Amino acid sequence: MRENWKPNPVNVIEYKFNFLNTLKLENPLLANAFIIRNIPYYWKKGKIEEWK
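Residues numbered from 1 in each chain as written. Predicted model: local features only at pLDDT ≥ 70, side-chain atom pairs only at ≥ 80, totals over all residues. Heavy atoms only, no water.

Chemist: Requested: an account of the overall build of the protein chain, with residues and values cited.
Modeler: When helices and strands are counted, the protein chain shows one helix and two strands. Taking 10 Å as the expected radius of gyration for a compact globule of 52 residues, we find that the protein chain reaches 16 Å, considerably beyond that expectation. C-alpha extents for the protein chain along the principal axes are approximately 35 × 35 × 20 Å. By the burial criterion, 2% of the 52 residues in the protein chain qualify as buried. Element-wise, carbon and sulfur atoms account for 53% of the exposed surface of the protein chain, whose accessible area totals about 6100 Å². (Helix = DSSP H or I, 4+ residues; strand = E, 2+ residues; numbered from the N terminus. Rg over C-alpha atoms; globule rule 2.2 N^0.38 Å. Buried < 20%, exposed > 50% of the residue type's maximum accessible area, 1.4 Å probe, protein only. Areas by Shrake-Rupley, 256 points an atom, 1.4 Å probe, with all protein chains shown as cover.)

Chemist: Give me the lowdown on the packing of aromatic side chains, citing residues and values where you can.
Modeler: For any two aromatic rings, the description comes down to two numbers: the centre-to-centre distance and the angle of the planes. This structure, assessed with the given rule, holds two aromatic pairs. Between Tyr15 and Phe17, the ring centres sit 6.1 Å apart and the planes meet at 40 degrees, which makes this aromatic pair tilted. For Phe17, a relative accessible area of 38% puts it in the partly exposed group. Among the aromatic side chains, those forming a connected cluster through ring pairs are Tyr15, Phe17 and Phe19. (Phe/Tyr/Trp six-rings, centres within 6.5 Å; stacked < 30°, edge-to-face > 60°.)

Chemist: Can you tell me about unusual backbone geometry, naming the residues and giving the values?
Modeler: The phi angle at Lys24 is positive, at roughly 55 degrees, despite the residue not being glycine. Relative to the elements of secondary structure, Lys24 occurs in the loop between α1 (18–23) and β2 (34–35). If you check the backbone angles, Asn27 has positive phi at about 55 degrees while not being a glycine. Tracing the backbone shows Asn27 in the loop between α1 and β2. Residue Asn27 is classed as exposed on the basis of its relative accessible area of 62%.

In structure tokens:
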């Protein structure tokens, strides 16, 4: 849940996420990056939905 959220994109010079190596993807790309400051951010318990 986010309220009054206005993301500010940032330039990424370099990135490395170890879990990407475990996926064995070919040339994974970072989709976006932004800074979060002073933003109320929390998770609500999810619920399982049935697919029809």
